[in-house]
Structures are given as C-alpha cells and as structure tokens.
Amino acid sequence: MTFSELHLNELILDGLSAMGFNDPTPIQQQAIPVILEKKDLIACAQTGTGKTAAYILPTLHHLLDTQSNHIDTIIIAPTRELALQIDQQVEGFAYFVPVSSIPVYGGGEASTWNQQKEALEQGANIVIATPGRLIAHLNLGYVDVNHVKRLILDEADRMLDMGFHDDIIKIVNMLPKERQTLLFSAT
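These numbers were taken from a predicted model, which means no experiment stands behind them.

Draft legend 1. Local environment of the packing of helix 5 (residues 110–122) against helix 6 (residues 131–139). One way to put it is that helix 5 packs onto helix 6 with a least axis distance of 11 Å and a crossing angle of 65 degrees. In this structure, helix 5 crosses over helix 6, and the sense of that crossing is right-handed. Residue-level contacts link Trp 113, Gln 116, Lys 117 and Leu 120 of helix 5 to Arg 133, Ala 136 and His 137 of helix 6. In the contact of helix 5 with helix 6, the residues fall into three nonpolar, two polar and two charged.

Draft legend 2. Expanded view of the pattern of salt bridges. Going through the model one piece at a time under the given rule, you end up with six salt bridges. In this structure, Asp 72 and Arg 150 form a salt bridge, with 2.4 Å as the shortest nitrogen-oxygen distance. Of this pair, Asp 72 sits in the loop between helix 3 (51–65) and strand 2 (73–76) while Arg 150 is found in strand 5 (residues 150–154), placing the two residues 78 residues apart along the sequence. Classification of Asp 72 as buried rests on a relative accessible area of 1%. The exposure class assigned to Arg 150 is buried, which follows from its relative accessible area of 3%. A salt bridge links Lys 117 to Glu 121; its shortest N-O distance comes to 3.9 Å. One end of the pair, Lys 117, and the other, Glu 121, are both in helix 5, four residues apart, so they sit about a helical turn from each other. Ionic contacts of the salt-bridge type, sharing partners, join the residues Asp 72, Lys 149 and Arg 150 into one network.

Draft legend 3. Representation of the side chain of Arg 150. In terms of polar contacts, Arg 150 uses its side chain to reach the side chain of Asp 72, at 2.4 Å. Ignoring any residue separated from it by four or fewer positions in sequence, one finds Arg 150 in contact with Thr 59, His 62, Asp 72, Thr 73, Ile 74, Arg 179 and Gln 180.

Draft legend 4. Structural detail: the sheet that holds strand 4 (residues 126–129). Ordered by their spatial adjacency, six strands build an open sheet running 1-6-5-2-4-3, and the pairing between neighbours is parallel. This sheet does not close on itself; its edge strands, each paired only once, are strand 1 (41–44) and strand 3 (101–104). Across the sheet, the mean angle from the axis of one strand to that of its neighbour is 15 degrees, orientation sign disregarded. By the bridge criterion, five bridges tie strand 5 to strand 6 (residues 180–185) in an arrangement that is parallel. Looking at strand 6, one finds that Arg 150 is bridged to Gln 180.

Draft legend 5. Expanded view of the pairing of strand 3. Neither face of strand 3 is open: one carries Ser 101 and Pro 103, the other Ile 102 and Val 104, and all of them are buried. Crossover strand 3 to strand 4 through helix 5 is right-handed.

Draft legend 6. Representation of the confidence of the model for the chain. Here the chain shows a mean pLDDT of 90. Residues at 70 or above account for 98%. Considering each helix and strand of the chain separately, the mean pLDDT is smallest for helix 1 (residues 10–18), with a value of 71, and largest for strand 2, with 98.

Draft legend 7. Main features of the nonpolar core. Judged by nonpolar contacts, the single largest core of 37 residues is most densely connected at Leu 8, Tyr 55, Leu 57, Ile 86 and Phe 184. Sorting the residues of this core by element identifies helix 1, helix 2 (26–36), strand 1, helix 3, helix 4 (80–93), strand 4 and strand 6 as the ones contributing at least two each. Top element by residues in this core is helix 3. It accounts for eight residues. Apart from the residues lying within four places of it in its own chain, the contact partners of Leu 8 are Phe 3, Leu 13, Leu 16, Ile 32, Leu 36, Leu 57, Pro 58 and His 61. Residues Met 159, Phe 164, Ile 168 and Leu 175 belong to the second largest nonpolar core, which totals 25 residues.

Here is what the cut-offs are and how they apply
In every chain, residue numbers begin from 1 and rise along the written sequence. Per-residue local features are limited, in this predicted model, to residues with pLDDT of at least 70; the limit for side-chain atom pairs, both in listing and counting, is 80 or more; totals at the level of whole chains, interfaces and linings are taken over all residues. The side-chain values count all of the structure's non-hydrogen atoms but skip hydrogen atoms and water molecules. A fitted line through C-alpha atoms serves as each axis, taken over the contacting stretch for helices, and the angle formed by two N-to-C directions is quoted from 0 to 180°. Starting at the N terminus, helices and strands are each numbered in turn, a helix being any DSSP run of H or I of at least four residues and a strand any DSSP run of E of at least two. Helix crossings fall into two classes, left-handed where the near helix is turned counterclockwise from the far one by less than a right angle and right-handed where it is turned clockwise. Any two residues whose heavy atoms approach within 4.5 Å at even a single point are treated as in contact. Gly counts as polar in this scheme, as do all residues outside two lists: the nonpolar Ala, Val, Leu, Ile, Met, Phe, Trp, Tyr, Cys and Pro, and the charged Asp, Glu, Lys and Arg. Think of a salt bridge as a Lys or Arg side-chain nitrogen and an Asp or Glu carboxyl oxygen that are within 4 Å of each other. Whether a residue is buried, partly exposed or exposed follows from its accessible area with a 1.4 Å probe, protein chains only, as a fraction of its type maximum: under 20%, in between, or over 50%, in that order. Each polar contact in these results corresponds to two N or O atoms within 3.5 Å; when the atoms are within protein, one needs to be able to donate a hydrogen and the other to accept it, and residues that are neighboring in sequence are counted only if both atoms are side-chain atoms. Whether two strands pair depends on DSSP finding at least two bridges between them. Whether a crossover is right-handed comes down to one check: with the strands pointing away from the viewer, does the path from the first strand over the helix to the second run clockwise; if it does, it is right-handed. The predictor attaches a confidence to each residue, and that confidence, scored 0 to 100, is pLDDT. We define the nonpolar core as a collection of buried residues of types Ala, Val, Leu, Ile, Met, Phe, Trp, Tyr and Cys that are connected through side-chain atoms lying within 4.5 Å of one another.

Below, the structure written as structure tokens:
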C-alpha cells in the first residue's frame, strides 16, 4: 500500500514525496482511512512507528477541504517538548499546504505567551498544546473553540500517568460535542 492509495490530497503527497516517504507504516495504514472517514479512533502503537503522521496527514487533508480562519484541530500533548516536536512535523508535512499551526505550552518568556495569544485569537488551524497552558488561555475567554472539528490526544497514556485527567476532561467539556476524537497511545 502507498500513501496515494490512502487517497490523500496531491499537495500532501508532494510533500511526502519531497521528504522521501513512500510507504505508510502499519499504524498509518490502519488509522488514516478511519480518520479520513471522520470516525473516532483509539490507536496504540510503539514509539517510533509513525503515529504522529498517522493523524497529521488526514487532518491536513480535511483542512484543505475546509479552509477557514478558525481553530479546526486541537492536539493535546503531555509535554512542551512533544508539542514542539508535533508542530515541527505539522510544518514539515504542511510545507505545500496553506495551513497554520501554533504550539501552546508553558515555561517560556512573556513574548511566547503573547505570540500564542495572538495565534489563538486569529484562529490558527491547528493548535498543539499542553493541557495546563491551553486551559490558561481558554479561561481568559479569547479562544474561540466553537468551530473545533477534531480533538487529538497524543500520548494519552502518559498524560493520564502525569495526572492530567481532570484537565483533559475540562478541555473536552469546552469543545463542541460533535467532533472527531482521536486518542493515540504507546501502551
């Protein structure tokens, strides 16, 4: 099976080809069709098997169909490092695609907060956030999550181990009830 057999948009395929990706991994073969059908998903695969691409690629495909200035997708990750890593992968895969993303995490300088606030107010298409920092922005009332179509929980097992259960539930309760929810775990 190839990525083109998964029916991803040509712009995304161009980016994959330029990056040297030709064949999907097993988690990608199984997850991408389900995500493209806009179904909810719980997926488990070991670290390093391509889980991030498994949800980023179909998300980018959906975003090409629904160009908007609203937050479309929220990806929740347990750590700042993972949020930054996911954002770098979004930027790489979306090189030929008109999609905006912003990593939202704590521990930075005041200028980082202001940059995050501006992107959230303007409606970055994809927000990659740690739970606590996203809640901090949401609590201030300027983040419009009424148009969110996808919630992705990456390393959900780790977030629960780190005690983020209540934060995740709080975020989920702020989002539209009708959305696609994807949960990815390594264990």
